[in-house]
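# Notes for the structure review
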Amino acid sequence: MSGAAGGGGGSSCSGAAAAASCSSSAGGGGGAAGVAGRLPARVLEHIFSYLELCDLMQCALVCWHWNNMLADENSEVWRSLCSRTLTDEALRSDILCNLPSYKGKLKSYQHALSSHDCSRNVYVKKNGFTLHRNPIAQSTDGARGKIGFAEGRHAWEIWWEGPLGTVAVIGIATKRAAMQCQGYVALLGTDDQSWGWNLVDNNLLHNGEVSGNFPQCNNAPKYQVGTKVTVRCNCFCWYLCNPHLQCDARPQIGERIRVILDMDDKTLAFERGFEFLGIAFRGLPKACLFPAVSAVYGNTEVTMVYLGKPLDG
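Report follows, based on the coordinates. (Residues numbered from 1 in each chain as written. Predicted model: local features only at pLDDT ≥ 70, side-chain atom pairs only at ≥ 80, totals over all residues. Heavy atoms only, no water.)

A few words now on the overall build of the protein. Counting its regular elements, the protein contains nine helices and 17 strands. Counting all 313 residues of the protein, 48% fall into the buried class. Within the protein, contacts between residues separated by at least 24 positions form 64% of all contacts whose residues are at least 6 apart in sequence. Accessible area for the protein stands at about 15,600 Å²; split by element, carbon and sulfur atoms hold 52% of it. (Helix = DSSP H or I, 4+ residues; strand = E, 2+ residues; numbered from the N terminus. Buried < 20%, exposed > 50% of the residue type's maximum accessible area, 1.4 Å probe, protein only. Contact = heavy atoms within 4.5 Å. Areas by Shrake-Rupley, 256 points an atom, 1.4 Å probe, with all protein chains shown as cover.)

Further remarks concern the side chain of E271. Secondary-structure assignment places E271 in strand β14 (residues 267-272). Salt bridges are absent for the buried E271, whose nearest opposite-charge side chain, R258, sits at 4.3 Å. Setting aside residues up to four positions removed in sequence, E271 forms contacts with R256, I257, R258, I260, F276 and L277. (Lys, Arg positive; Asp, Glu negative; His and termini not counted. Salt bridge = Lys/Arg side-chain N within 4 Å of Asp/Glu carboxyl O.)

Let us look at the packing of helix α6 (residues 76-85) against helix α8 (residues 102-110). Orientation of α6 relative to α8, taken along the N-to-C sense of each, is 35 degrees, at an axis distance of 8 Å. Where α6 crosses over α8, the two elements pack in a sense that is left-handed. Judged by residue contacts, W78, R79, L81, C82 and T85 of α6 engage Y102, K103, K105, L106 and Y109 from α8. (Axes fitted to C-alpha atoms, helices over the stretch in contact; angles between N-to-C directions. Left-handed = near helix turned anticlockwise from the far one by under 90°.)

The next point concerns the pattern of salt bridges. By the definition in use, this model includes nine salt bridges. Residue E52 is joined to R84 by a salt bridge in which the shortest nitrogen-to-oxygen separation is 3.4 Å. Of this pair, E52 sits in the loop between α3 (41-48) and α4 (53-59) while R84 sits in helix α6, and the two are 32 residues apart along the sequence. Taking relative accessible area as the criterion, E52 reaches 32% and is therefore assigned partly exposed. Between D262 and R153 there is a salt bridge, with the nearest N and O atoms lying 3.5 Å from each other. Within this pair, whereas D262 is found in strand β13 (residues 257-262), its partner R153 is found in strand β5 (residues 153-161), the two being separated by 109 residues in sequence. By relative accessible area, D262 is classed as buried at 10%. Here R153 falls in the partly exposed class, since its relative accessible area comes to 24%. Among the charged side chains, a salt-bridge network with shared partners connects D117, R144 and K175.

All right, on to the packing of aromatic side chains then. One pass over the structure, following the stated rule, counts seven aromatic pairs. Both rings, one in F149 and one in W156, keep their centres 6.1 Å apart while their planes meet at 25 degrees; by these two values the pair is stacked. Accessibility assignment for this pair places F149 and W156 in one class, buried. Considering the side-chain rings of W197 and F214, the 5.0 Å spacing of their centres and the 80 degrees angle between planes classify their relative orientation as edge-to-face. Residue W197 is found in strand β8 (residues 194-198), and its partner F214 is found in the loop between β10 (209-213) and β11 (228-232); the two are separated by 17 residues along the sequence. For W197, a relative accessible area of 0% translates into the label buried. Members of the aromatic cluster, each reached through a chain of ring pairs, are F149, W156 and Y306. Sitting over the face of the ring of Y109, K146 holds its NZ or CZ atom 4.1 Å from the ring centroid. Between the NZ or CZ atom of R256 and the centre of the ring of W159, over which it lies, the distance is 3.8 Å. (Phe/Tyr/Trp six-rings, centres within 6.5 Å; stacked < 30°, edge-to-face > 60°. Lys NZ or Arg CZ within 6 Å of the ring centre and 35° of its normal.)

With that settled, the discussion passes to the pairing of strand β17 (residues 301-308). Regular strands place side chains that alternate from one sheet face to the opposite one. The element β17 is largely enclosed, with a buried count of seven among its eight residues. Looking at chain direction, strand β3 (residues 130-133) and β17 are connected through three bridges and run antiparallel. In the strand pairing of β17, T130 is matched with T303. With seven bridges connecting them, β5 and β17 associate as antiparallel partners. What sits directly across from E157, in β17, is V305. (Pairing = 2+ DSSP bridges.)

Bringing the sheet that holds β17 into the picture now. Read from one edge of the open sheet, seven strands run β2-β3-β17-β5-β13-β14-β15, paired in antiparallel fashion. Only two strands of the sheet have a single neighbouring strand rather than two, namely β2 (122-124) and β15 (275-281). Each neighbouring strand pair of the sheet contributes to a mean axis angle of 25 degrees, computed without reference to strand direction.

Printed below as a string of structure tokens:
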């Protein structure tokens, strides 16, 4: 697996490494015999709550006592780091509603779409998870996730807010795949470095060719995008605070598509809702593959949330 982008700098690991070294010299490397193992749980929790993610990952390797302290994914340690790392918008919205633990939310942020590995015509919004495409004519623009996968099983969700346009593709790509090109094309799947599902035409793309329809069923339903609805608020307190606003018009998110990458079996599959749509691609290469999206419609937005290991069944 490639290194995390945005999870914490290399220098932030030095404090945890020093702590691990001191603990080992005190006899606490393999058990709870040293000073590290004798620290009360409340003291450890207080200390850990000041550390960054990279430090905490190193601390979990010091001894079983520290590892056990960090095993609770909803502890004050992870809640504190979550509040420091994620924006209020991300925590209060339904973006992370399918992630019940604070540690899971942090991991999802660590795997989110990269603001540094994308087309110049897109940017990642302040929530850290949503990609916004600027209204640039005759351009197809994409983005990769911060972290790629060379082994294991991984799942993430993707959904659109706003129209799809003529082409909207989700899938995977190597680091060599292009993230921008001229014209309106299915960017993912135009070469041998990417694999994509075009949600507009319901077809699979790889190496510049259409490799079949997806899902493989008669009259397969098209992706349902969000539509703008008007939500009126009759709350008097709200009106006093916002006398110039009569209603809140906002786009509703589209269907959540779950992407399932199995690097052990070398397959890529999709789910819609709770329906398994089938395996889209087999025989994926032994390479580091990144979650990726590409879009053509101006001001459209795409959100990606990493879920972790997919549940069997």
